[in-house]
Amino acid sequence: MVIVCLTDPFLPFKMHLVGILHGCGFAMQRDRITDDIYVFTSDFYAQVNAGVVLATEGVAVIDTLPFPEETREIVRLVKALAEGRPIYLILTHYHMDHTLGACLFPQAVVIAHALCRERLEAHGEHALQQARAQDPNFATLTLRLPDIVVEEGDLLLRLGNKTLQLFHAPGHSPDGLAVYVREDRILFTGDAMMPIPYVVDGDVDQAVATLQRIQDLSVETIVPGHGVPILRGEAPDVIQGHINYLNAIVREVRRHIQQKKPREALREIDVESCGIPRIALNGLAPQLHQRNLFALYQRLGGEASPPRKGRTAKTTARSSSKSA
Ligand SMILES: [Zn+2]
């Protein structure tokens, strides 16, 4: 199944299996973090989050979760709460774990960054076909594209008693869009924040810049794209920890490249030595960390291809550097 990253089909499938193994039956978590703001956390897939903000002049849904069985529970709540008010569905980025259920909100106005719409137009149908082929749960889903796109600057969505500030938050992917509920000081980051920063489909400098922007906001609660909400008291340390992690992996990968070490040698850089616990995201952190390192290595000018079987790392590095 292609879920987390359209350019990276194998890891998401493994993550799906891990998600199933960790789940025990269907028990999606629903938290009411204020009187009128809800967070849904998938039991099936990598603790991915969706949110619902109930306002006097509309209901905003933030992301959809991938599995229809779980998304339909959100749809039921939204229908019960909306009472005729308009429904807005905000997509934080194009990855399927956040957007696959969009078609289950046919009455909603869908909002996303312009780059999200571009990517869904370019890759969404193919990703959906792959998902359908691998899991019958997705057979009835169709691709739903955003109606309104944010191209430059922030978008303010005023829904009576609540103001949602939508701002570009690239880094995990180029099209990231964060949602800040001003009155409650609650921030939905999409995957700009998750238990371990993940930049395989994105850009590490943009990820740091986005985290710095988040640092400047006054937040009561941060709802990350995956994992448990982060409360005001812990937010500064968590955000700084993520910036430190990104700086650490850049530093380590640069050092490896300068020393002309092969890509495989990156495996010796432990995730915890870069400041992220191995148990983060149901123990998936080491796997995601490894992929961050490999992606960075390639971007920063390391060898492009993995070493061939039966050759020593040293030999491979030498031969690869010739073809680079
Ligand atoms: Zn995600």
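Residues numbered from 1 in each chain as written. Predicted model: local features only at pLDDT ≥ 70, side-chain atom pairs only at ≥ 80, totals over all residues.

## What to know about helix α4 (residues 114–134)
The criterion, for reference: Numbering of helices and strands runs from the N terminus, with a helix taken as a DSSP run of H or I at least four residues long and a strand as a DSSP run of E at least two residues long. Each helix should span, by expectation, one fewer than its residue count multiplied by 1.5 Å. The term bend refers to the angle at a residue between two fitted axes, each drawn through seven residues, those ending there and those starting there. Our exposure labels follow a C-beta count within 10 Å of each residue's own C-beta, placed from the backbone: buried means 20 or more other C-beta atoms, exposed means 12 or fewer, and partly exposed covers the counts in between. Note on contacts: each residue gets a C-beta atom placed from the backbone, and two residues are in contact if those atoms are within 7 Å.
In a regular helix each residue adds 1.5 Å, so 21 residues correspond to 30 Å; α4 covers 29 Å between its end C-alpha atoms and thus fits that length. Considering bend angle alone, the principal kink of α4 is centred on H123 and spans about 55°. Burial in α4 covers these residues: L115, C116, R117, R119, L120, G124, A127, L128 and A131. Against α3 (96–99), β6 (109–113), β7 (148–150) and β10 (177–181) lie the buried residues of α4.

## Re the packing of helix α5 (residues 204–215) against helix α6 (residues 235–258)
When two helices pack together, you describe them by how their axes are tilted relative to each other and by the distance separating the axes. Stated precisely, the cut-off is as follows: In this analysis, axes come from line fits to C-alpha atoms, helices being fitted only over the stretch in contact, and the angle between any two N-to-C directions falls in the range 0 to 180 degrees. Oblique is the label for any angle not under 35 degrees, not over 145, and not in the 65 to 115 range, which are roughly parallel, roughly antiparallel and roughly perpendicular in turn. Each helix crossing is assigned a hand: it is left-handed if the near helix lies turned anticlockwise from the far helix by less than a right angle, otherwise right-handed if that turn is clockwise. Polar here means any residue other than Ala, Val, Leu, Ile, Met, Phe, Trp, Tyr, Cys and Pro, which are nonpolar, and Asp, Glu, Lys and Arg, which are charged; Gly is therefore polar.
Axis separation between α5 and α6 bottoms out at 10 Å; the angle between their running directions is 160°. Judged by the inter-axis angle, α5 sits roughly antiparallel to α6. Classified by chirality, the crossing of α6 by α5 is left-handed. Of α6, the residues touching α5 (which contributes V204, A207, V208, L211, I214 and Q215) are I239, H242, I243, L246 and V250. Residue classes in the contact of α5 with α6 are distributed as 9 nonpolar, 2 polar and no charged.

## Remarks on the nonpolar core
Among soluble globular proteins, nonpolar side chains are generally buried collectively. Spelled out, the test is: Joining buried Ala, Val, Leu, Ile, Met, Phe, Trp, Tyr and Cys residues through C-beta atoms within 7 Å gives a set, and that set is a nonpolar core.
Counting 81 residues, the largest nonpolar core has V61, L89 and I90 as its most contacted members. Those residues in contact with V61 that lie beyond four places of it in its chain are A50, V52, I74, V78, I87, L89, F105 and A108.

## Considering the sheet that holds strand β12 (residues 221–224)
In plain terms, the rule: Should DSSP find at least two bridges between two strands, the strands are taken to pair.
As summarised here, the arrangement of the 6 strands in space is β8-β9-β10-β11-β12-β13, forming an open sheet in which the pairing is mixed. Here the strands that pair on one side only, and so sit at the sheet edges, are β8 (155–158) and β13 (230–231). Bridge count between β12 and β13: 2 bridges; the pairing is antiparallel. By the bridge assignment for β13, T221 is matched with L231.

## Brief notes about the confidence of the model for the protein
As a general rule, the predicted coordinates of low-pLDDT regions are not to be interpreted in detail. Cut-off, in case you're wondering: The score called pLDDT rates the predictor's confidence residue by residue, from a low of 0 to a high of 100.
When pLDDT is averaged along the protein, the result is 88, and 85% of the positions lie at 70 or above. Contacts for the low-pLDDT stretch residues 1–24, under 50 throughout, to residues beyond four places or in other chains number 46 contacts. Here residues 307–324 is a poorly scored stretch, pLDDT under 50, and it has 19 contacts once near neighbours within four places are set aside; other chains count.

## Thoughts on the sheet that holds strand β4 (residues 58–62)
One open sheet accounts for 7 strands, arranged β1-β2-β3-β4-β5-β6-β7; its pairing is mixed. Strand pairing shows two members of the sheet lacking a second neighbour, β1 (29–34) and β7, which therefore form its edges. The sheet shows a mean angle of 20° between the axes of neighbouring strands, taken without regard to direction. Of the strand pairs in this sheet, strand β3 (residues 49–55) and β4 are connected by 5 bridges, and their pairing is antiparallel. Paired with G51 across the two strands is I62, which belongs to β4. Strand contacts of α4: β6 and β7, with the helix running at about 100° to β6, the strand carrying the most contacts.

## Focus on the packing of α6 against helix α8 (residues 285–299)
Packing of α6 against α8 leaves a shortest axis separation of 10 Å and a crossing angle of 55°. Classified by the angle between their axes, α6 and α8 sit oblique to one another. Every pair of crossing elements has a handedness; the one defined by α6 and α8 is right-handed. Two secondary-structure elements touch here, α6 through I249, V250, V253, H256 and I257 and α8 through N292, L293, L296 and Y297. For the contact of α6 with α8, the residue count by class is 7 nonpolar, 2 polar and no charged.

## Re the pairing of β12
For clarity, the cut-off: Handedness of a crossover is defined as follows: with both strands directed away from the viewer, a clockwise route from the first strand across the helix to the second makes it right-handed.
In this sheet, β12 lies alongside strand β11 (residues 186–190) in parallel orientation, the contact comprising 4 bridges. Its bridge partner being in β12, F188 is matched across the sheet by V223. Taken together, β11, α5 and β12 constitute a β-α-β crossover, and its handedness is right-handed.

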